[in-house]
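# Architecture and fold: a report
Single-letter residue listing:
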Amino acid sequence: MITATWKIDKYDANPQLVANEIREIGDDATVDSIVAKAKDPATELHKCFTWDTQKAAEKCWKIEAREVVRNLIIVKVEEDKEPEPTQIRLFHKTVNGEGYKTIKLIL
């Protein structure tokens, strides 16, 4: 038997029970089927999700903001070469946790 544990201690749910519930869904478990199962308050999976819609929306918006920042790039075309643009991320998250900084500021 495989024993499950959390990579990071983030959830107030038993990892083994959560793993078992996902296995119960089957080999074709999807994000949608996991969420559907987690909607049942009797499941251990239920403890892994934010069910307060306002709090969940705030979390989602933060994920979307990170995605927006990660996907903005600078396209630089070098003038002495064939126009094949070089893509550089416009923002980078700093190591010290101060947030996102422009590549110009980092360089």
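Further up the page is the structure itself.
The paragraphs below set out a description of the structure included in this document. (Residues numbered from 1 in each chain as written. Predicted model: local features only at pLDDT ≥ 70, side-chain atom pairs only at ≥ 80, totals over all residues. Heavy atoms only, no water.)

## Structural notes on the nonpolar core
Rules: Side-chain atoms within 4.5 Å link the members of a nonpolar core, which is a set of buried Ala, Val, Leu, Ile, Met, Phe, Trp, Tyr and Cys residues. Buried, partly exposed and exposed residues are distinguished by accessible area as a fraction of the type maximum, computed with a 1.4 Å probe on protein chains only: under 20%, between the cut-offs, and over 50%, respectively. The contact definition used throughout considers only heavy atoms, calling two residues in contact when any of these lie within 4.5 Å.
If you look at the biggest cluster of nonpolar residues, it comprises six residues: Ala13, Val18, Ile34, Ala38, Leu45 and Cys48. When neighbours within four sequence positions are excluded, cysteine 48 is seen to be in contact with Trp6, Tyr11, Ala13 and Val18.

## Topic: the layout of surface pockets
Put simply, the rule reads: For cavity detection a 1 Å grid was placed over the protein atoms alone, and a set of points counts as a cavity when a 1.4 Å probe fits there but cannot get out; an open set counts as a pocket when protein lies on both sides within 12 Å along at least five of seven lines, with lining residues being those that have an atom within 4 Å of a point. Grid points are joined across faces, edges and corners, and a volume is the space filled by probe spheres set on the points. Numbering goes from the N terminus for both helices and strands, where a helix is a DSSP run of H or I of at least four residues and a strand is a run of E of at least two. Each residue gets one of three labels, nonpolar for Ala, Val, Leu, Ile, Met, Phe, Trp, Tyr, Cys and Pro, charged for Asp, Glu, Lys and Arg, and polar for the others, Gly among them.
Taken as a whole, the largest pocket spans an internal volume of roughly 350 Å³. The wall of the largest pocket is formed by 13 residues, among which Lys10, Cys48, Phe49, Thr50 and Lys59 lie closest to the centre. At four residues, helix H3 (residues 53–71) tops the list of elements feeding residues into the lining of the largest pocket. Partitioned by chemical class, the residues of the lining of the largest pocket number eight nonpolar, one polar and four charged. Of the pockets and cavities examined, the second largest pocket occupies roughly 180 Å³. Lining of the second largest pocket is provided by Trp6, Tyr11, Val18, Ile22, Val31, Ile34, Val35, Leu45, Cys48 and Phe49. Looking at the lining of the second largest pocket, the elements that each hand over two or more residues are helix H1 (15–25) and helix H2 (31–38). In terms of residue count, H2 provides more of the lining of the second largest pocket than any other element does, three residues in total. Its residues assigned to classes, the lining of the second largest pocket shows ten nonpolar, no polar and no charged.

## So, H3
The condition is simple: A helix's residues, less one, multiplied by 1.5 Å, set its expected span. Under the rule applied, a polar contact is a pair of N or O atoms within 3.5 Å (in protein, one hydrogen donor and one hydrogen acceptor; residues adjacent in sequence only if both atoms are side-chain atoms).
Along its 19 residues, H3 runs 27 Å from first to last C-alpha, staying within 8% of the 27 Å computed at 1.5 Å per residue. The N-cap residue of H3 is aspartate 52: its side-chain oxygen and the backbone nitrogen of glutamine 54 are 3.0 Å apart.

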